[in-house]
Amino acid sequence: MQFFGGSEISPSPPVPTASGNNAHMIYVFNRNGVCLLYREWNRPLHTLNAQQDHKLMFGLLFSLKSLTAKMDPTNLDKGNLGVPQLPGQGCSFHSFRTNTYKLSFMETPSGIKIILVTHPRTGDLRDSLKYIYNLYVEYVAKNPLYTPGTPIRCDLFDTTLDQYVRSIA
């Protein structure tokens, strides 16, 4: 079952937006800020330990969501900060770019946050993030051996995710 339109995980994922191995890392957080998954593919510099890195990334996302909600010129009701919104609801950000990386972000209605950090030339990855979420649903959420809120330990998901991320970025 696909949660963002369609019926099943498509055998043909979204078209790649750039060529080469440009993916640096991926984070998956639950609604409470617990890092469920972290993978690196091309991260040349390690400056923090993993736990500090996860806290900084989640804090960055929380701050950017708060900023975009407060600056929304179309809505007088700013809502409760930190509450997940449906895709397309309210003012939100999908990505930002620096001179050294691009951060693409998606939050699902259940509060799962998927962050993919890639090369700055990488194009729009919203469809790719939706596809990754559908992989998460099929291989992790539907797995009867998986306990929600715990780190993801599923070899089939890891393999499929790795192959897909290497193909898109």
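Residues numbered from 1 in each chain as written. Predicted model: local features only at pLDDT ≥ 70, side-chain atom pairs only at ≥ 80, totals over all residues. Heavy atoms only, no water.

- Under an unreviewed UniProt entry, the name given to the protein is Trafficking protein particle complex subunit, and the organism recorded is Cephalotus follicularis.
- The record in UniProt for the protein states the following under Subunit (unreviewed entry): "Part of the multisubunit transport protein particle (TRAPP) complex."
- Per UniProt, the protein has the following entry under Sequence similarities (unreviewed entry): "Belongs to the TRAPP small subunits family. BET5 subfamily." (UniProt positions renumbered as here; feature names shortened; annotations may be inferred.)

**Some thoughts on the packing of aromatic side chains**
- A full pass over the atoms with the stated rule returns 7 aromatic pairs.
- Between Y27 and Y38, the ring centres sit 4.8 Å apart and the planes meet at 50°, which makes this aromatic pair tilted. Of this pair, Y27 sits in strand 1 (residues 23–29) while Y38 sits in strand 2 (residues 35–40), and the two are 11 residues apart along the sequence. Y38 shares its class with Y27; the two are buried.
- An angle of 25° between the planes, with centres 5.9 Å apart, marks the rings of Y133 and Y136 as stacked. With Y133 and Y136 both in helix 2 (residues 126–141), this residue pair falls 3 residues apart, about one helical turn. Across the pair, exposure class does not vary: Y133 and Y136 are buried alike.
- An aromatic cluster of at least three residues, connected via ring pairs, comprises Y27, F29, Y38 and F58. (Phe/Tyr/Trp six-rings, centres within 6.5 Å; stacked < 30°, edge-to-face > 60°. Helix = DSSP H or I, 4+ residues; strand = E, 2+ residues; numbered from the N terminus. Buried < 20%, exposed > 50% of the residue type's maximum accessible area, 1.4 Å probe, protein only.)

**Points about the pattern of salt bridges**
- If you walk through the whole model with that rule in mind, you get 6 salt bridges.
- One salt bridge in this structure joins K65 and E107, with 2.5 Å as the shortest N-O distance. Here E107 lies in strand 4 (residues 102–107) and K65 lies in helix 1 (residues 50–70), a separation of 42 residues in the sequence.
- We classify E107 as buried; its relative accessible area is 10%.
- A salt bridge links K142 to E138, with the nearest nitrogen and oxygen atoms 3.0 Å apart.
- What makes K142 partly exposed here is its relative accessible area of 44%.
- Salt bridges here are not isolated pairs; linked through shared partners, they connect K65, E107 and K113. (Salt bridge = Lys/Arg side-chain N within 4 Å of Asp/Glu carboxyl O.)

**Remarks on the sheet that holds strand 2**
- If you walk across this open sheet you meet the 5 strands as 2-1-5-4-3, and the pairing is antiparallel. Edge strands, defined here as strands with exactly one partner in the open sheet, are strand 2 and strand 3 (95–97). The sheet shows a mean angle of 10° between the axes of neighbouring strands, direction not considered.
- Of the pairings in the sheet, the one linking strand 3 to strand 4 comprises 3 bridges and is antiparallel in character. The partner of S95 across the bridge, within strand 4, is S104. (Pairing = 2+ DSSP bridges. Axes fitted to C-alpha atoms, helices over the stretch in contact; angles between N-to-C directions.)

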